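# Architecture at a glance
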Amino acid sequence: MRICICGGGNLGHVVAGFLAAHADAEVSLLTRHPERWQQQLSISTPEGATLQGRLSRISSNPQEVVRQADIVLLCLPGFSIREELQLISPYLSPQTAVGSIVCSTGFFFEAFKILPPQTPLFGFQRVPFISRINEYGRSANLLGYKPSLHIAIEQTDRKEALCATMQQLFRVPVLLLKSYYEVSLTNSNPLLHPARLYTLWSHWHEGIVYPEESLFYEQWTDEASALLIQMDEEFQQLLCALPVTKGSIPTILDYYESTDAPSLTRKLRSIQAFKGIKAPMKKAAGGYVPDFGSRYFTEDFPYGLQIIQHQAREHHVATPVIDRVLSWGLPQVAKFAPDAT
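The structure reproduced in this document is the subject of the present report. As the structure is a prediction and not an experimental result, all values here were calculated from the model. (Residues numbered from 1 in each chain as written. Predicted model: local features only at pLDDT ≥ 70, side-chain atom pairs only at ≥ 80, totals over all residues. Heavy atoms only, no water.)

### What about the packing of helix α8 (residues 222-240) against helix α12 (residues 301-314)?
This is how it is decided: Axis definition: a line fitted to C-alpha atoms, over the contacting stretch in the case of helices. Angles run 0 to 180 degrees between N-to-C directions. Only DSSP runs of H or I with at least four residues qualify as helices, and only runs of E with at least two residues qualify as strands; both kinds are numbered from the N terminus onward. Should an angle fall under 35 degrees it is taken as roughly parallel, and over 145 as roughly antiparallel, whereas 65 to 115 is taken as roughly perpendicular and any remaining angle as oblique. For any helix crossing, the convention is left-handed if the near helix is rotated counterclockwise from the far helix by under a right angle, and right-handed if that rotation is clockwise. Throughout, a contact is declared for two residues whenever any of their heavy atoms are within 4.5 Å. Lys, Arg, Asp and Glu make up the charged group, whereas Ala, Val, Leu, Ile, Met, Phe, Trp, Tyr, Cys and Pro make up the nonpolar group; the residues left over, Gly among them, are polar.
At a minimum axis separation of 10 Å, α8 and α12 run at an interaxial angle of 45°. The angle between α8 and α12 falls in the class oblique. Taken as a pair, α8 and α12 cross one another with a handedness that is left-handed. Contacts between α8 and α12 involve Met 231, Phe 235 and Leu 238 from the former and Leu 305, Ile 308, Gln 311 and Ala 312 from the latter. Considered class by class, the residues forming the contact of α8 with α12 number six nonpolar, one polar and no charged.

The following block contains the structure:
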């Protein structure tokens, strides 16, 4: 089996290294910076082990790594999805399955428009790994696993076979979902991150400088939990208006085994894989300020939460809390990171 990974970020490193180390497959990489990569990738695991995976080919030319691939897997931010699909489309064979490790940033919506209608499409509901680069192009840290994965598959009558392949590759149970909506819309990062960011900095303005960086999860607040629960309630109303299986996307409280805002706060603060993750901030004179150019903003507002809002408006579902958070976050992205929109 020949697999092409597109993207060299945190997830691209870990997914490429994990598959190259474990799977009976040739793993290639499509990246804008092939010169910064070595073929041997080292991936550390939570158990203290180190996986060694060797990439068969690394290139910025899709013709070299996509044309012969059986599976193409995008590990890319939302703002790169459209461009990448346009880049690889001419080199896909009709049998090549194209998927995305993150689908809540518009993958299926863009793939339906750009790729041939016979192209098998797949995508995950949640990312399989919590990932962080250690040394770019050489090593990364796999900080946490998901015990099972949920996947949506479209445009093929071989869904069960492709689902079984993903289970073999990622070495955990993979469950097939009913609809691509069930992976395209999520209450994970597109709600989780904006809720926290809004409660951190909705009153920030230029001139305010903080003495230290905030921890994103370990200093999570009940205010952020309450806002997240409200946003999720609106999200669940949207799901009721869509052709999705009831319960396929659990509520925030159910997913985190919580009952109210304080218990959700305690849960998020306690998750080991979240330890040490800092809020997106950058140095400034006298301290730190919010980094509105970070992926927390450029990904989760225009390519996460706004997709949810768009679907809600199409299906006449009111989302006043989501609207309020978006009306704050989108202008920050437009002002401080205009290229991301």
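### Remarks on the sheet that holds strand β9 (residues 129-135)
Quick note on the threshold: Note on pairing: DSSP must find at least two bridges between two strands before they are called paired.
If you trace the four strands from one edge of the open sheet to the other, you get β4-β3-β10-β9, paired in mixed fashion. Of all strands in the sheet, those with a lone pairing partner are β4 (50-54) and β9, marking the two edges. The average undirected angle you get between the axes of adjacent strands in this sheet is 25°. Two elements, β9 and strand β10 (residues 139-145), share six bridges in a ladder whose sense is antiparallel. Across the sheet, the residue bridging to Glu 135 is Ser 139, located in β10. The strands touched by helix α1 (residues 10-22) are β3 (40-44), β4, β9 and β10; relative to β9, the strand with the most contacts, the crossing angle is about 100°.

### Section: the packing of α12 against helix α13 (residues 320-336)
The contact between α12 and α13 brings their axes to 10 Å, and the two run at 140°. On the basis of the axis angle, α12 is oblique to α13. In the packing of α12 onto α13, the handedness of the crossing is left-handed. Facing Phe 301, Pro 302, Leu 305, Gln 306, Ile 308, Gln 309 and Arg 313 of α12, the residues of α13 in contact are Ile 322, Asp 323, Val 325, Leu 326, Trp 328, Gly 329, Leu 330 and Val 333. Partitioning the contact of α12 with α13 into residue classes produces ten nonpolar, three polar and two charged.

### A look at the sheet that holds strand β6 (residues 71-74)
Spatially, β5-β2-β1-β6-β7-β8-β11-β12 is the arrangement adopted by the eight strands of the open sheet, whose pairing is mixed. Looking at strand neighbours, the two that pair on one side only are β5 (57-59) and β12 (174-176), the edges of this open sheet. On average, each strand axis in the sheet is inclined to that of its neighbour by 25°, with strand direction left out of account. In the sheet, strand β8 (residues 121-124) pairs with strand β11 (residues 149-154) via four bridges, with the strands oriented antiparallel. The residue bridging Gly 123 from the neighbouring strand is Ala 152, located in β11. Contacting β1 (2-6), β2 (26-30), β6 and β7 (97-100), helix α3 (residues 78-88) crosses the sheet at an angle of about 160° to β6. Strands β6, β7, β8 and β11 of the sheet are contacted by helix α4 (residues 107-114), whose axis makes an angle of about 170° with β8.

### Side note on the pairing of β10
The two faces of the sheet receive side chains in turn, since in a regular strand these alternate between them. The pairing of β3 with β10 spans three bridges and is classified as parallel. For Ile 43, the partnering residue across the bridge sits in β10 and is Ala 140. Linking two consecutive strands that pair antiparallel, namely β9 and β10, is a turn of three residues; a positive phi of about 75° is found at Gly 137 within it.

### Thoughts on the packing of aromatic side chains
The test is simple: Aromatic rings from Phe, Tyr and Trp, taking only the six-membered ring of Trp, are treated as a pair when their centres fall within 6.5 Å; an angle between ring planes under 30 degrees marks them as stacked, one over 60 as edge-to-face, and anything in between as tilted. The rule is simple: take the accessible area with a 1.4 Å probe, protein chains only, and divide by the maximum for that residue type; under 20% is buried, over 50% is exposed, in between is partly exposed.
Counted under the stated rule, the structure contains 28 aromatic pairs. Both rings, one in Phe 107 and one in Phe 108, keep their centres 5.2 Å apart while their planes meet at 70°; by these two values the pair is edge-to-face. Here Phe 107 falls in the buried class, since its relative accessible area comes to 0%. With a centroid separation of 5.9 Å and an interplanar angle of 45°, the aromatic rings of Phe 108 and Phe 112 are classed as tilted. Taken together, the residues Phe 108 and Phe 112, both in helix α4 and four residues apart, mark about one turn of the helix. Under the relative-accessibility criterion, Phe 112 is labelled partly exposed at 31%.

### Quick look at the pairing of strand β13 (residues 281-284)
Where β13 meets strand β14 (residues 287-290), four bridges bridge the pair, whose relative direction is antiparallel. Counterpart to Met 281 in the pairing with β14 is Pro 290. Turn length for the β13-β14 hairpin, with the two strands adjacent in sequence and antiparallel, is two residues, and the turn residue Gly 286 shows positive phi of about 90°.

### Notes on helix α7 (residues 189-201)
For clarity, the cut-off: To estimate how far a helix should reach, multiply one less than its number of residues by 1.5 Å.
If you check α7, its first and last C-alpha atoms are 17 Å apart, about what 13 residues at 1.5 Å a residue would give, namely 18 Å. Along α7, eleven of the 13 residues are buried, which leaves the element largely enclosed by surrounding structure. Residues of α7 that are buried include every one of Pro 190, Leu 191, Leu 192, His 193, Pro 194, Ala 195, Arg 196, Leu 197, Tyr 198, Thr 199 and Trp 201, and no others.

### Considerations on unusual backbone geometry
Backbone geometry places Arg 171, a non-glycine residue, at a positive phi of 60°. Residue position: Arg 171 is located in the loop between α5 (159-170) and β12. On the basis of relative accessibility, which here comes to 53%, the residue Arg 171 falls in the exposed class. Positive phi, normally seen in glycine, also occurs at His 316, with a value near 60°. Looking at the secondary structure, you find His 316 in the loop between α12 and α13.

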